[in-house]
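Secondary and tertiary structure notes
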Amino acid sequence: MTDRRIYLDNAATTFPKPKAVLARMVETYARVGVSPGRGSHDLAVEAGDLVDDARARIARFFGAPDPDRVVFAANASDALNTVILGLVQPGDHLVATRLDHNSVLRPLHHLAERGTISYDLAPFDERGFVDPDAVAALIRPNTRAVVMCHASNVLGTVQPIAEVARRCAAHGVPLVVDAAQSAGQVPIDMTAQGIDALAFTGHKSLYGPSGIGGLVLRPGIDVATTRFGGTGSNSGSLVHTQAYPLRLELGTLNLLGVIGLTLGIAFVEGLGLEALHRREMALLARLRDGLAAIPGLTLYGAADLDRHVPVLTTNVADVDPQDVGAILDGDFGIAVRVGVHCAPLVHRDLGTDARGAVRFSLGAFNTAREIDAAVGAMRTIAGPRSRTTG
Ligand SMILES: Cc1ncc(COP(=O)(O)O)c(C=O)c1O
């Protein structure tokens, strides 16, 4: 076991967080960690200004025209629940895809089980991409929205969102995008790409802390309030504030999270999103090439890394993924994700639903040396056959 752990589970959450993000987060919270927008004292005003600046920065980052339509949430799952539950009416139909994460599939399943909605799922091809025409073919007169992931958390494939958006617009159906894996990895411009609602999480490639994320809406899409509480405005009324963004927020904001998210986005912008992505994808190609040379490994959807985030999923023939994970962790100090990765239908379609798979995912702080160590460890796990031939 090596001294230094090698963290290759960045699709779960990026780790470590940039030191400057952590330090400035604590420093700022220590200075103005009061309840923003609640009260007129200087600190509350300053905290409120931080939150306003954060909304503006996030709107800019995602190409959204209106900072007031940046709604904070606990994470992408929370944001997806907010938008899905706030959009649907009884009798509606939704379209999603078989690539989607449980944070999309479970709300849909729940609503369908209760008889509120029906839904259909578009398939993905053998390379891990959804065909925009297959999505469009599922749209019905009562389709309320198309909801789908931008990047798959199992296969890493980046979906043709703008093409899907064009078809949705032609049918007058809003497109809701789950950007949990893509935000901070690939440029997102909601206006240019035609995305109506974007759910994101702060703790992955935006390098913020866990517990903060959001929902960004384009003007013109209205989401009903489905949870209610204090907002710090119109406090004399029993009706939840209907103006955005408070319409979809409740209770005291996670200010520490908002500060950290803003700093995380500044970190990505400072290094350059495309430069960061290019570097991580070069390391992913090194990993893919190294693993591809090991007999007995199956690599899922990694033949062409062109439209990918730095996620690579594999299995070693005859070795249970749980065992692979345990050996990587225990013998080599390498942290990966194993099992079924919260996207059960992807695993069903890949034939990995019984045991799951081994997922490597990269972040800003990984190095070529770490990738080579991971390849070497996988060669050892794959057995003598690979050591003599590989
Ligand atoms: C594609 C996708 N969607 C949604 C989520 C949910 O993100 P969070 O756990 O931050 O809510 C994840 C997290 O792994 C994901 O990979």
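Because the structure is predicted, anything quoted here is derived from the model rather than measured. (Residues numbered from 1 in each chain as written. Predicted model: local features only at pLDDT ≥ 70, side-chain atom pairs only at ≥ 80, totals over all residues. Heavy atoms only, no water.)

Some details on the overall build of the chain
Here is the rule: Strands here are runs of E lasting at least two residues and helices are runs of H or I lasting at least four, both read from the DSSP assignment and numbered beginning at the N terminus. In this description the radius of gyration comes from C-alpha coordinates, and the expected globular size is given by 2.2 Å times residues to the power 0.38. For each residue, the accessible area found with a 1.4 Å probe, counting protein chains only, is set against the maximum for its type, and the residue is called buried under 20%, exposed over 50%, and partly exposed in between. It only takes one pair of heavy atoms within 4.5 Å for two residues to be counted as in contact. For every accessible area listed, the method is Shrake-Rupley and the probe measures 1.4 Å; residues are considered covered only by the protein chains on display. As used throughout, the charge tally considers Lys and Arg to be positive and Asp and Glu to be negative, leaving His and the chain termini uncounted. For this purpose, a charge sits on NZ of Lys, CZ of Arg, CG of Asp or CD of Glu.
In terms of regular secondary structure, the chain is built from 13 helices and 13 strands. Computed over the C-alpha atoms, the radius of gyration of the chain is 22 Å, within 12% of the 21 Å expected from 2.2 N^0.38 for a compact globule of 390 residues. In terms of its C-alpha atoms, the chain occupies a principal-axis envelope of roughly 75 × 55 × 35 Å. The proportion of buried residues among the 390 residues of the chain is 54%. Partitioning the contacts of the chain with sequence separation of at least 6, the portion at a separation of at least 24 is 69%. Summed over its atoms, the accessible surface of the chain is roughly 15900 Å², and 53% of this surface lies on carbon and sulfur atoms. Across the chain, the 36 positively charged side chains and the 40 negatively charged ones have centroids separated by 2 Å.

Quick look at the packing of aromatic side chains
Within a pair of aromatic rings, the relevant descriptors are the distance that separates the centres and the angle that separates the planes. The cut-off we apply is this: Any Phe, Tyr or Trp ring, taking Trp's six-membered ring, that has another such ring centre within 6.5 Å forms a pair; planes under 30 degrees apart are called stacked, those over 60 apart edge-to-face, and the others tilted.
In total, this model carries six aromatic pairs according to the counting rule given. When the centroid spacing of 5.3 Å and the interplanar angle of 65 degrees are considered together, the rings of Y7 and F15 count as edge-to-face. Relative to F62, the ring of F61 lies with its centre 5.1 Å away and its plane at 75 degrees, an arrangement referred to as edge-to-face. Take F61: its relative accessible area is 14%, and that puts it in the buried class. Residue classification places F62 among the buried positions, given a relative accessible area of 1%.

Focus on the site of the ligand
Rules: One heavy atom suffices: a residue is near a molecule or strand as soon as one of its heavy atoms comes within 4 Å of it. Any pair of nitrogen or oxygen atoms within 3.5 Å is treated as a polar contact; in protein, a donor-acceptor pairing is required on top of that, and neighbouring residues in sequence qualify only through side-chain atoms on both sides. Under this grouping Gly is polar, as are all residues other than the nonpolar Ala, Val, Leu, Ile, Met, Phe, Trp, Tyr, Cys and Pro and the charged Asp, Glu, Lys and Arg.
Surrounding the ligand, one finds 13 residues, the nearest of these being S77, D178, Q181, T201 and K204. S77 has a polar side-chain atom sitting 2.6 Å from an oxygen atom of the ligand. Within the side chain of Q181, a nitrogen or oxygen atom sits 2.8 Å from an oxygen atom of the ligand. Here the ligand, which alone exposes 390 Å², has 88% of that area covered by the protein. A per-class count over the shell around the ligand returns three nonpolar, eight polar and two charged.

Regarding the domain arrangement of the chain
Note the following rule: Domain start and end points were adopted from an automatic or database domain assignment. When two components associate, each loses some accessible surface as probed by a 1.4 Å sphere; the sum of these losses over both components is called the buried area.
As assigned here, the chain comprises domain 1 (6-17 + 272-389) and domain 2 (19-271). The centre of domain 1, based on its C-alpha atoms, is set 28 Å off from the matching centre of domain 2. Taken together, the contact between domain 1 and domain 2 spans 35 residues of the former and 37 residues of the latter. A per-residue breakdown of the area domain 1 buries against domain 2 is headed by K17, L273 and R307, which together make up 23% of the total.

As for the nonpolar core
Within soluble globular proteins, side chains that are nonpolar generally end up buried alongside one another. Quick note on the threshold: The set of buried Ala, Val, Leu, Ile, Met, Phe, Trp, Tyr and Cys residues whose side-chain atoms join them within 4.5 Å is what this entry labels a nonpolar core.
By size, the foremost hydrophobic cluster in this structure holds 58 residues, and its most contacted members are I58, F62, F72, V146, L175, L198 and V216. Considering every element that reaches this core, the biggest residue donor is helix α8 (residues 255-271), with eight residues. Each of domain 1 (6-17 + 272-389) and domain 2 (19-271) gives at least three residues to this core. Those residues in contact with F62 that lie beyond four places of it in its chain are A183, I188, D189, M190, L198, F200, L206 and V216. In this structure, L305, L362, V375 and M378 belong to the second largest nonpolar core, which totals 29 residues.

As for α8
What counts is decided by this rule: Helix span, as expected, comes to 1.5 Å for every residue beyond the first.
With 17 residues, α8 should cover 24 Å at 1.5 Å per step; its first-to-last C-alpha distance of 24 Å lies within 8% of that length. Taken across its 17 residues, α8 has twelve buried, putting it largely inside the fold. Within the span of α8, buried status applies to L255, G257, V258, I259, G260, L261, T262, L263, G264, I265, F267 and V268. Turning to α8, the residues buried within the fold contact α1 (19-32), α2 (42-61), β2 (70-73), β7 (197-201) and α9 (273-292). Remark: G272 follows α8 within two positions and exhibits a positive phi of approximately 95 degrees.

Remarks on the pairing of strand β6 (residues 175-178)
Rules: Only strands joined by at least two bridges in the DSSP assignment are considered to pair. Handedness rule for crossovers: strands pointing away from the viewer, path from the first strand over the helix to the second running clockwise, crossover right-handed.
Residues of β6 alternate between two faces, with L175 and V177 on one and V176 and D178 on the opposite face, all of them buried. Judged from the four bridges that link them, strand β5 (residues 143-149) and β6 form a sheet pairing that is parallel. Note that in β6 the partner of V146 across the bridge is L175. As a crossover connection, the stretch from β5 through helix α6 (residues 161-171) into β6 is right-handed. Here three bridges tie β6 to β7, and the two strands are oriented parallel to one another. Bridge pairing in β7 links V176 to A197.

Examining the environment of F129
The topology assignment puts F129 in the loop between β4 (117-122) and α5 (132-138). Judged by relative accessible area, which is 7%, F129 ranks as buried. When the C-alpha positions of F129 and T241 are compared, they lie 40 Å apart, and in sequence the two are 112 residues distant. F129 has contacts with P123, F124, T157, V158, Q159 and R307, leaving out every residue within four places of it along the chain.

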